[in-house]
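Residue-level listing of the chains:
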Amino acid sequence: MEREIMEFDVLIIGAGPAGLASACRLKQLDPDLNICVVEKGSEVGAHILSGAVIDPKALAELFPDWQEMGAPLNTPAKQDEIVLLKDKTSSIKIPNWAAPKSMHNQGNYIASLGNFARWLAEQAEQLGVEVFPSFTASEVLYDETGRVKGILTGDMGIDANNMPKDTYMQGMELHARFTIFAEGCRGHLGKELINQFNLDQNKDPQHYAIGLKELWDIDPAKHQEGLVIHGSGWPLEGDTSGGFFLYHTENNQVAVGLIIDLNYSNPWISPFDEFQQLKHHPTLAQYLEGGKRVSYGARAIAKGGFNSLPKMNFPGGLLIGCDAGTLNFSRIKGTHTAMKSGMIAAEAIHHALTNSNDDAVTFEQRFKESWLYTELFSSRNFGPALHKFGRWIGGAFNTLDQNLFNGKIPLTLHDRQEDHAKLQQVTESKTIFYPKPDGKLSFDKLSSVFLSNTNHEEDQPCHLQLSKEDIPLTVNIPLYEEPAQRYCPAGVYEVIEDEEGKRLQINGQNCLHCKTCDIKDPCQNIQWVPPEGGGGPNYPNM
Amino acid sequence: MKILVAVKRVIDYNAKVRVKADNTDVDLNNTKMAINPFCEIAVEEAIRLKEAGSASEVIVVSIGPKACQEQIRTALALGADRGIQVETADYPESLNVAKLLAQVVRDEQPGLIIMGKQAIDSDNNQTGQMLSALLDMPQGTFASEVKLEGDKAQVTREVDGGLQTLSLNLPAIITTDLRLNEPRFASLPNIMKAKRKPLAVTSPETLGVELKQHSTLLKVTPPTERSAGILVNSVDELVEKLKNEAKVL
């Protein structure tokens, strides 16, 4: 059966800060452009999770009067604290001068990135952009010359055996003169495009982390609106690196989270349990005790930065924001850089459309001349230094590099091993036993997933596909005790043992769309593909 | 024949309901809202009747603040023809809703009114019945099947212990149960078209309805949390605990 086709000038995949900034910028440059944004979440913001402390730099360029327009950046960051947790009870505060200045947050705002995206979508719609939540982009469409000509939206109403149900609705072809991919970290189409057009040629591999976050209502007496706490150390040990955050945001809430680099080697590591344990440290518990957890979620982060950044333009489209990897890890911030990459993409596309070019060739030049390039270039050594030299010497290197040399130390450090390849076998690793959650500060996975409001239509094909069905049994279980059980923050992967032996059960309904499994599986055997549109978490305020 | 469908904007059924810290109400800040599932079934049924040639126009009405236009647009994207929003500052209680709907019915003169049996936020299950009394029209509640034949509607109702089939003279009021149908997905072109379909905004004053307060919300409290269970090693231990700790045996 022939598919229906819709045509647009520009098509944008993903209604996050990058995609929406790009849509708004395009409309500012030419109000007559016909622009469509598709978003897999049930509404804009439903799948967005971030700390977040946001630098309003790009926003101020996009909408100079953003404050009068009511952008939901309501809580200025007032005070920075950097804490190193030495063990489960003690800690030391790092004085401001000893911390890399990229960690200072004056002029930034504590906010919910989900709410910010909702606001940005309203602005886009007012400018005339068509925003369609609950629609997934399932495949890239190419024309006969190999140029990207659009995407195919996912079919709706398919049952678990791939048969159409009564509610079946066939996916449509969306065609556009340019397609912008802004799916966020490890987008499944972005991954395909990077391979298709060799965009990562001569680049370091992308590096990732998993971020877990909770939102708490805390005792108003303990709340200090605007306080920003960052830190690292306990409970992470050995070559497991990462850092935590605790932001005192508005309405007596705090956002607390842990980011763990996905290049850890011990297969027994469970990022979820590390996070639960972390909250018992007095540095965090002093605020959380007596409070109530209201939300939970997790998302992978692309943190390779400048050295891992692929070429972002290709025939017919662009890859922007975290889909490419524009996050500045030295500042643990990606919103302003993602937005800026989207705005540059918009300008390059506008130029290409006006000059009837097939490719947004001016993107690279515009990118190189922007502050985005300067910012990413000057922080290129931050991640590799920590990986190479460890927390202490790497941290000192970063302070020196960022504070004295402004990121201009004339050498570039590289980190060339892919994250999944670092995983060691259980026989080479120390077994880790995590303490049981106490139900007050720490919780189990299932009650956590419940707070993410995650829902998928039950009767549909599993959206976590194994390239080879036998890998769990032949490799992952015997050699790694199936690490997916532990790195998945939502309990999607379970090893079940019965009369017939062990098998891997995939509970796709729990999936938070964080993409960690697609990244960390040692055999790269798990492919994350989008489920039926509208499925996934429904983050309220994350 | 016109069909009038009433829809309500409610908290999305996937969203976790949170109670405000001061127990005054449910916290709807930044919570995902959606069309009430029973109302969506009502919209689907009306569209199917129109597709089957039994109706000429499907009108969707919603009562509430401006935000409820989103739910009207959802219904228009599914296939309804036009919308009416009765703008109120808040979501009025059932009797006020029934009075407002009654006036819309008098103005529009539909041959059939379909609505959800209840809204999943307040779970009152009374507006349809009240509307029927106010308009002195026959009602078929908890419908699991609807057939139109001439000037009659045959409604199969899910009642305790089985199914009851009624024949109603039109115009009539039908409230939907879960098994009446499974609503379709809105397609992209239809969502775009829905943005251009007519949506009229009116008010209780224009309709000549005075809203009266009949009840006051005193307090909302979340259900008490279930304490964690424990694993017992034997049946004897279970029996012992049920007897001496839980004291249920």
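Check the entry above for the structure.
For the structure given in this document, a descriptive report is provided here. (Residues numbered from 1 in each chain as written. Chains lettered and ligands numbered in written order. Predicted model: local features only at pLDDT ≥ 70, side-chain atom pairs only at ≥ 80, totals over all residues. Heavy atoms only, no water.)

Residue and element names in this part refer to chain A. Counted according to the given criterion, the structure contains 16 aromatic pairs over all chains. Each ring, one from Phe181 and one from Phe314, has its centre 6.2 Å from the other, and the planes form 40 degrees; the classification is tilted. Of this pair, Phe181 sits in strand β13 (residues 173–181) while Phe314 sits in strand β19 (residues 313–314), placing them 133 residues apart in sequence. With respect to class, Phe181 is no different from Phe314; both count as buried. Consider the rings of Phe367 and Tyr373, whose centres lie 5.4 Å apart with planes at 80 degrees: the pair is edge-to-face. The ring of Phe329 has Lys303 lying over it, and the distance from NZ or CZ to the ring centre is 4.8 Å. The ring centre of Tyr264 lies 4.3 Å from the NZ or CZ of Lys520, which sits over that ring. (Phe/Tyr/Trp six-rings, centres within 6.5 Å; stacked < 30°, edge-to-face > 60°. Helix = DSSP H or I, 4+ residues; strand = E, 2+ residues; numbered from the N terminus. Buried < 20%, exposed > 50% of the residue type's maximum accessible area, 1.4 Å probe, protein only. Lys NZ or Arg CZ within 6 Å of the ring centre and 35° of its normal.)

It is worth spelling out the pattern of salt bridges at this point. For the structure shown, the criterion picks out 33 salt bridges over all chains. A:Arg503 serves as the salt-bridge partner of A:Asp498, at 3.5 Å between the closest nitrogen and oxygen. We classify A:Asp498 as partly exposed; its relative accessible area is 28%. Its relative accessible area of 37% is what places A:Arg503 among the partly exposed residues. It is possible to trace a salt-bridge network through shared partners that takes in B:Lys2, B:Glu57, B:Arg82 and B:Glu108. (Salt bridge = Lys/Arg side-chain N within 4 Å of Asp/Glu carboxyl O.)

This part covers helix α1 (residues 37–51) of chain B. Residue and element names in this part refer to chain B. With 15 residues, α1 should cover 21 Å at 1.5 Å per step; its first-to-last C-alpha distance of 21 Å lies within 8% of that length. Looking only at α1, the buried set comprises Phe38, Cys39, Ile41, Ala42, Val43, Glu44, Glu45, Ala46, Ile47 and Leu49. Two residues or fewer past α1, Gly53 is found with a positive phi of approximately 90 degrees. (Expected span 1.5 Å × (residues − 1).)

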